[in-house]
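Residue-level listing of the chains:
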Amino acid sequence: MAPMVDRRSFLQTLGGAAAATSLAAQPARRYDLLIRNGEIRDPSRGYKQRADVAVNDGRIAAIEAAIPVESGIEVIDAKGLLVCPGLVDLHTHCYHSATGLGVEADPIAARSGVTTWVDAGSFGYDQTPGFRRFIVQPAQTRIFGYVYLYPSSRNPDIDPVKYARGNVRATGQAVLDNRDILLGIKMQVGANMNGRYSYDLLKVARELCDEFRIPMMAHISFAPPETPQVLELMKAGDIVTHAYNGHTLGLVDREGKLRPGVQQARARGVVFDVGHGLGSFNFPAARRLLDAGFPPDTISTDIYNLNINGPVYDMPTTMSKFLHLGMSFDDVLARSTWNPGKVVNRVEGMGTLTPGAPADIALLEIEDGEFRLVDSQKNAVTAKRRVVSRLAFCRGKRIRATL
Ligand SMILES: [Zn+2]
C-alpha cells in the first residue's frame, strides 16, 4: 500500500504556501455569492422554477437546478423565498437632506428590495451635480432622476411658463450631458397649486422634449386641463404618473369608462405609472381601471418623507395593493421590475435574472394573513396576502441599512 501523502506539504515543496492556498481553494470557491433553494421568478422570460443562482463580479453567473454549496464564498439559503429581480421604483423622491421631500434610498432599500430608485422631479437641472456627487455616487443602490422644468418656489411672482421658457435650453442640455443618471424631465399638470401647472406649461415641456429628443414624466391631478388635452401631448416613451388617482384629471370616470384618449395613448407607447404618493392612489379608481382592462405598466410608490409612515410605506406594500385588487403576483412583479427597467433603459438586463444581467436581486415572500392596506383617501381594505422583502442585493452586494 502506498504511503499517505500530505497534500499540503507536497504543494509547499512545489511552490510555497501561496501556491498551496490558491490551488487548494480554487475548486471550492468559484462564485462570490450563491443563493440556493429559492423559487426563481424572472418575469422577463416567464421563468418560474426552483433553482440556485450564482453571482460573480456583480453579475448573474449561472442559474441551475443544483449548484454545489462548496462553490459559493457567501451562501444564502433561500428556501421558501421567491428569488426575484431587484425591484425598480420609477417614482421616488430620494434627494435626501437637500430637498424638502427626500428620503434616503439605502436604508429603505435594505428592507424593501428596491435596488433601483428613480427620483421623479425633486430638483432642477442646476442641482444635478449635487445629485450625482451626494446621492447617486455614495449609494449602494442604483439611482436615476427626472429633473423638473418648473420653479421650485411657489412664489406667485414667478410665472411658471416664463420660468420654463427661460430654462428650457439649460435643462435639455443637462439631461443630455448627464444621460448616465438623468432620464428626462418631470412635469406637474393640473389645477392644484393655483393653476401654476397649466396646459401652457406642459406645452413648453413638449417643445423641449421634441427638440432634445428626451422623454417626460407628467404627473396628473385635478382638471383643468382635461385628460384628453394632456394625453394628446404625450408621446411614446413618456410617462403618465399618478395614473390610478381618483381625481378629475384621471383616466377613468365615475361610471368606470376610460376617458377619451387613454387607450390611444397606451397604443402609441405612453407608459402609465402608479406613483402612489400621499394623494394619488385610490382603490375605487384603481378597481374601475382594472375592471376596464387597464392595468398599470409600472408600479411605483412616489415615496417621500410625508408618506413613508403611511399610506405608502414602501414598494412591497404598493405591490400588495395590486395583488389585493386581483392581479397575479407575476403580473405585479413584471410591473415592478422588468417594465420599469425598460423605461430606465440604462443598464442592460436590469429588472431580469438572466445570466449576464446585473446581480440586483430581491428575496421576496408572500405572507398569508390579514393585512390592513390604506389608499391615499383613507379607504381601507383587508388583504389576505402581502409581499415582503427579506434580503436585497445590488451589483451582487447585500444592501445594508447602514454601512
Ligand atoms: Zn412625486
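The paragraphs below set out a description of the structure included in this document. Just so it is clear, the structure is predicted and the values come from calculations on it, not from any experiment.

Helices and strands together make up the secondary structure of the protein chain, namely eleven helices and 15 strands. By the compact-globule yardstick of 22 Å for 403 residues, the protein chain fits well, its C-alpha radius of gyration being 24 Å. Its C-alpha atoms give the protein chain principal-axis dimensions of roughly 95 × 45 × 35 Å. For the protein chain, the accessible area works out to roughly 17,400 Å², and carbon and sulfur atoms hold 50% of it. Within the protein chain, one finds 47 positive and 42 negative side-chain charges whose respective centroids are separated by 1 Å.

Tallied over the entire structure, the rule returns one cavity of 30 Å³ or more. If you add up the space inside the largest cavity, you get close to 40 Å³. For the lining of the largest cavity, a count of residues per class yields four nonpolar, six polar and one charged.

Attention shifts here to the pattern of salt bridges. Any two side chains of opposite charge can pair, on the condition that their charged atoms come close. Applying the stated rule across the entire model yields 22 salt bridges. R335 is the salt-bridge partner of D331, the closest N and O atoms lying 3.9 Å from each other. D331 gets classed as partly exposed once you look at its relative accessible area, which sits at 37%. Members of the salt-bridge network, linked through shared partners, are E39, R41, K48 and D330.

With that settled, consider the coordination of the zinc ion. Surrounding the zinc ion are the protein donor atoms H91 (NE2), H93 (NE2) and D302 (OD), at 2.1 to 2.3 Å. Sequence positions of the residues that donate to the zinc ion give the spacing H-x1-H-x208-D. Of the two residues, H91 is situated in strand β6 (residues 87-92) and D302 in the loop between α8 (283-291) and α9 (315-324); the sequence distance between them amounts to 211 residues. In this pair, the class of H91 matches that of D302, namely buried.

A few words now on α9. Residues separated by three or four positions in an α-helix point in the same direction, a consequence of the helix having 3.6 residues per turn. Judged by how many residues are buried, α9 sits mostly within the fold: nine of ten residues are covered. Within the sequence span of α9, burial applies to M315, P316, T317, T318, M319, S320, K321, F322 and L323. In the stretch just after α9, G326 is the one whose phi turns positive, near 110°.

By the burial criterion, the buried members of α8 are F283, A285, A286, R288, L289 and L290. Along its buried surface, α8 packs onto α9, β13 (361-374) and β14 (380-394).

Next up on the list: the pairing of strand β3 (residues 59-64). A regular strand places its side chains on the two faces of the sheet in alternate fashion. In the sheet, strand β2 (residues 47-56) pairs with β3 via five bridges, with the strands oriented antiparallel. When the sheet's bridge partners are listed, N56 is paired in β3 with R59. Linkage of β2 to β3, two consecutive antiparallel strands, is achieved through a turn of two residues, within which D57 is found at a positive phi near 50°.

Now for the sheet that holds strand β7 (residues 114-120). If you trace the seven strands from one edge of the open sheet to the other, you get β6-β7-β8-β9-β10-β11-β12, paired in parallel fashion. Looking at which strands have only one partner, the edges of the open sheet turn out to be β6 and β12 (271-272). Bridge count for strand β11 (residues 239-241) against β12 is two bridges, and the pairing is parallel. Directly across from I239, in β12, lies its bridge partner V271. Sheet strands in contact with helix α2 (residues 105-112) are β6, β7 and β8 (142-148), and its direction is about 135° off that of β7. Packing against the sheet, helix α5 (residues 199-212) makes contact with β9 (182-189) and β10 (216-220), and its axis sits at approximately 165° to β9.

With 88 residues, the main nonpolar core has W117, I185, F322 and L364 as its most contacted residues. Top element by residues in this core is α5. It accounts for seven residues. In this structure, W117 is in contact with D89, T92, C94, V103, A105, I108, A109, T141, R142, I143, F144 and I303, ignoring residues within four places of it in sequence. Grouped together as the second largest cluster of nonpolar side chains are 20 residues, I35, I40, Y47 and V55 included.

One number sums up the size of the second largest pocket: a volume of about 290 Å³. Forming the boundary of the second largest pocket are 21 residues, of which L183, R213, I214, P215 and G237 lie nearest the centre. Only α4 (160-177), α5 and α11 (338-344) provide two or more residues apiece to the lining of the second largest pocket. Counting residues per element, the lining of the second largest pocket draws most heavily on α5, which supplies three residues. Looking at the lining of the second largest pocket residue by residue, the class counts come to twelve nonpolar, two polar and seven charged.

Among the secondary structure elements, R41 is positioned in strand β1 (residues 31-42). At a separation of 3.0 Å, a polar atom in the side chain of R41 contacts the side chain of D330. Beyond its immediate chain neighbours, meaning those up to four positions away, R41 contacts Y47, K48, L82, V83, C84, P85, F329, D330, L333 and L353.

Turning our attention to the environment of N192. You can see N192 is positioned in the loop between β9 and α5. Residue N192 is classed as partly exposed on the basis of its relative accessible area, which comes to 22%. For the pair N192 and F222, spaced 30 residues apart in sequence, the C-alpha to C-alpha distance is 6.3 Å.

Cut-offs used in this document
- Numbers given to residues run from 1 along each chain, matching the order in which its sequence is written.
- Per-residue local features are limited, in this predicted model, to residues with pLDDT of at least 70; the limit for side-chain atom pairs, both in listing and counting, is 80 or more; totals at the level of whole chains, interfaces and linings are taken over all residues.
- To get the side-chain values, all heavy atoms of the structure are used, and hydrogens and water are removed first.
- Each helix corresponds to a stretch of at least 4 residues labelled H or I by DSSP, and each strand to a stretch of at least 2 residues labelled E; elements are numbered beginning at the N terminus.
- Computation of the radius of gyration draws on C-alpha atoms alone. For the globule rule, the value is 2.2 Å times the number of residues to the power 0.38.
- Computed with the Shrake-Rupley method and a 1.4 Å probe, the accessible areas treat only the protein chains shown as cover for residues.
- For the charge count, each Lys or Arg is scored as positive and each Asp or Glu as negative, with His and the chain ends excluded.
- By convention, charge coordinates are those of NZ in Lys, CZ in Arg, CG in Asp, or CD in Glu.
- Cavity and pocket criteria rest on a 1 Å grid covering protein atoms alone: a 1.4 Å probe that fits but cannot get out defines a cavity, protein on both sides within 12 Å along at least 5 of 7 lines defines an open pocket, and an atom within 4 Å of a point defines a lining residue.
- Grid points are joined across faces, edges and corners, and a volume is the space filled by probe spheres set on the points.
- Basically, the charged four are Asp, Glu, Lys and Arg, the nonpolar ten are Ala, Val, Leu, Ile, Met, Phe, Trp, Tyr, Cys and Pro, and anything else, Gly included, counts as polar.
- For this analysis, a salt bridge means a side-chain nitrogen from Lys or Arg found within 4 Å of a carboxyl oxygen belonging to Asp or Glu.
- Each residue gets one of three labels from its accessible area relative to the maximum for its type: buried under 20%, exposed over 50%, partly exposed in between, using a 1.4 Å probe on protein chains only.
- Here the term donor refers to an N, O or S atom within 2.8 Å of the metal (or 3.2 Å for Na, K and Ca), and because water is left out of the atoms, sites may appear incomplete.
- In this analysis, two residues are considered to be in contact whenever any of their non-hydrogen atoms come within 4.5 Å of each other.
- Two strands form a pair only when DSSP identifies at least two bridges running between them.
- Helix axes are fitted only over the stretch in contact, all axes being lines through C-alpha atoms; the angle between N-to-C directions runs from 0 to 180 degrees.
- The nonpolar core is taken to be a set of buried Ala, Val, Leu, Ile, Met, Phe, Trp, Tyr and Cys residues, with the residues joined through side-chain atoms within 4.5 Å.
- N or O atoms closer than or at 3.5 Å make up a polar contact, with two conditions inside protein: a donor-capable atom paired with an acceptor-capable one, and, for residues adjacent in sequence, both atoms drawn from side chains.

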